[in-house]
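Structural overview
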Amino acid sequence: MDANPAPTVTNVRIGIDAAGEREEFDSMGKVAVPADRYWGAQTQRSLQHFSIGDDRMPKAVYHAYGYVKKACALVNHEAGRLPEWKKEAIVRAADETISGKLDDNYPLYVWQTGSGTQSNMNVNEVISNRAIQLLGGVLGTQHPVGPNDDVNMGQSSNDTFPTAMHVAAVFALDEQLLPKVRALSETIERKAQGWMDVVKIGRTHLEDAVPLTVGQEWMGWAGQIRAALAEVEASRAGLYELAVGGTAVGTGLNAPAGFAKDVAAKIAQLTGKPFVTAPNKFTAQGSLDAIVRAHAALRGVAVALMKIANDMRWLASGPRCGFGELKLPDNEPGSSIMPGKVNPTQCEAMVMIAIQVLGNDMAVAFAGSQGNFELNAMRPVLINNFLHSVRILADGSEKFREYSVEGTELNRERIQQFVEGSVMLVTALSPVIGYQNAAHIAEKAIADGTTLRQAALASGKVTEELFDKTIVPLNMVGKGLAGA
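What counts, and where the lines are drawn
- Residues numbered from 1 in each chain as written.
- Predicted model: local features only at pLDDT ≥ 70, side-chain atom pairs only at ≥ 80, totals over all residues.
- Heavy atoms only, no water.
- Pairing = 2+ DSSP bridges.
- Helix = DSSP H or I, 4+ residues; strand = E, 2+ residues; numbered from the N terminus.
- Polar contact = N/O pair within 3.5 Å; in protein donor to acceptor, adjacent residues only side chain to side chain.
- Core = buried A, V, L, I, M, F, W, Y, C linked by side-chain atoms within 4.5 Å.
- Buried < 20%, exposed > 50% of the residue type's maximum accessible area, 1.4 Å probe, protein only.
- Contact = heavy atoms within 4.5 Å.
- Axes fitted to C-alpha atoms, helices over the stretch in contact; angles between N-to-C directions.
- Parallel < 35°, antiparallel > 145°, perpendicular 65-115°, else oblique.
- Left-handed = near helix turned anticlockwise from the far one by under 90°.
- Nonpolar A, V, L, I, M, F, W, Y, C, P; charged D, E, K, R; others polar.
- pLDDT = per-residue confidence, 0-100.
- Phe/Tyr/Trp six-rings, centres within 6.5 Å; stacked < 30°, edge-to-face > 60°.
- Expected span 1.5 Å × (residues − 1).
- Bend = angle between axes of the 7 residues up to and from the residue.

1. Focus: the pairing of strand β4 (residues 207–213)
Bridge count for strand β3 (residues 199–204) against β4 is five bridges, and the pairing is antiparallel. Bridge pairing in β4 links T204 to E207.

2. Side note on the side chain of Q216
In this structure, Q216 sits in helix α7 (residues 214–239). A polar contact of 2.9 Å, which involves the side chain of Q216, links it to the backbone oxygen of V477.

3. Overview of the nonpolar core
Of all hydrophobic cores here, the largest spans 115 residues; its most connected members are L177, W218, M312 and F386. If one sorts the elements of this core by residue count, helix α6 (residues 157–194) sits on top with 16 residues. Ignoring sequence-local partners within four residues, the contact set of W218 consists of I188, K191, A192, W195, M312, L326, V405 and T408.

4. Observations concerning the packing of α6 against helix α12 (residues 379–405)
Packing of α6 against α12 brings their axes to within 9 Å, and their N-to-C directions diverge by 15°. Judged on the interaxial angle alone, α12 and α6 are roughly parallel. Helix-helix and strand crossings are classified by hand; for α6 and α12 the assignment is left-handed. Grouping the amino acids of the contact of α6 with α12 by side-chain chemistry returns 22 nonpolar, five polar and seven charged.

5. With respect to the confidence of the model for the chain
Averaged over all residues, the pLDDT of the chain is 95; the fraction at 70 or higher stands at 95%. Taken as a whole, residues 9–15 scores under 50 in pLDDT and shows nine contacts with residues more than four places along the chain or in a different chain.

6. Looking at the environment of V342
Along the polypeptide, V342 turns up in the loop between β7 (326–327) and α11 (345–368). For V342, a relative accessible area of 36% translates into the label partly exposed. Apart from the residues lying within four places of it in its own chain, the contact partners of V342 are D330, E332 and G334.

7. Quick look at the packing of aromatic side chains
Scanning all chains against the criterion turns up six aromatic pairs. For the pair W218 and W221, a centre-to-centre distance of 4.9 Å together with 40° between the ring planes defines the contact as tilted. A residue pair is termed a helical-turn pair when its members lie 3 or 4 positions apart in one helix, as W218 and W221 do in helix α7 at three residues. Across the pair, W221 and W218 agree in class, each one buried. Among the aromatic side chains, those forming a connected cluster through ring pairs are W195, W218 and W221.

8. Points about α6
The first and last C-alpha atoms of α6 sit 54 Å apart over 38 residues, in line with the 56 Å expected at 1.5 Å per residue. L173 marks where α6 bends most, by close to 40°. A large share of α6 lies buried, amounting to 27 of its 38 residues. By the N-cap criterion, in which a side-chain oxygen at the helix start approaches the backbone nitrogen of a residue two or three places on, α6 is capped by S156, the distance to N158 being 2.9 Å.

9. Comments concerning unusual backbone geometry
Between H143 and the following residue, P144, the backbone shows a cis peptide bond with an omega angle of 10°. Within the secondary structure, P144 is located in the loop between α4 (117–134) and α5 (147–151). At the junction of G318 and P319, the peptide bond is cis and its omega measures out at 10° in the coordinates. Note on placement: P319 falls in the loop between α10 (289–315) and β7. One non-glycine residue, L206, adopts positive backbone phi at about 70°. Within the secondary structure, L206 is located in the loop between β3 and β4. Residue F373 is not a glycine yet carries a positive backbone phi of 55°. Looking at the element boundaries, F373 is found in the loop between β8 (371–372) and β9 (375–376). The exposure class assigned to F373 is exposed, which follows from its relative accessible area of 77%.

10. Quick look at the packing of α10 against α11
One way to put it is that α10 packs onto α11 with a least axis distance of 8 Å and a crossing angle of 160°. Classified by the interaxial angle, the pair formed by α10 and α11 is roughly antiparallel. Along this stretch, α10 crosses α11, giving a crossing that reads as left-handed. Per-class residue counts for the contact of α10 with α11 are 19 nonpolar, four polar and five charged.

Below you can see the structure in the form of structure tokens.
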């Protein structure tokens, strides 16, 4: 028989008032809160004291927090610390938090206490009041489910907020960034395979260079993304380690024996992700290094995407007076004054996204450096920037793929024109007639405005037969032609 039976339910009220206020309380006294919301006194105090800007704590953090609170309730119940009926109410409210059903009840700003305490209490209060309501109680009484004693049992903001950060970060990487950026890489690689036999002139230092194929150039881009994604995937190892169970300073005070390991295992079970308890809680709570490293991997993705987007918009410049090798999709008019103008807007958006992510990375790194003793109290700004970077990189990659890369075509005539007019094809003659002789031929062609063939034959160092045998662009692209 349950040692703590559920209270008798009378005057059950499942809905909440549509207007007006109700009274909530915390250790500092009473506070009036909106009657149509589940939050309590500490949330309301935070809204009053930290109404700074328009930056709200990402809802993904609260969804992740739902998993943390659910796991803790389940572990506390299994250990006999929480009766069945109370656990069920908390779990149901936590599930509603996870699903986003209670999103309107999580209004706090990013700019708040650096430990995330107010967001933790926001979750505790909402789950407590929702559980009270489910049990037929009165909102704001903290009975029969208390925000601190029940929902926050065995926990601290100092260990649960970084835990929620890690859970939110892993979900964001797995569900947003990795699949969308991987799809972009696969599309680039597919396009590359179709163009492996299209010879073009390479460019180094922004100057003409020896030939390669369009496919080789695009395979280079795909390789950049694949390498960057590998770093992102590897960075998840640190994110799988959870701080929960360390409580205030990492010692686990007020958390029962085995709580850290049990809760981490429960979160892993609930999420399907390989979360484990952090082996060193002092590292997990005194630093934010795992997320700093993970964002550094996001920076790597941004760097690769910026290079690709810039290359594409340069290669598509024109249509008459630029490189004009690529033809990007015409998505929308490009000018309010110049009729017929179309711009590489998806490329520009991607470059701006990359710029923002590089800026976010500076903020993340700086926040990570600000740990003092047993706590890094710069958590909200860090997780906000991390999730922002993931979102814009993921969404930007999807749009860039769909509205730019997928529809990009080649201007083969223009590409061939550059190949035929290039002087740097003379490089193939260097092993035959010597570097200096080849250099003089190139210099003469450039100075006189003649073709390479004309300058080579005029030099007396090269016969027609030798020139035609040696200057074959397709023979200059190497094994990369076959993707080797």
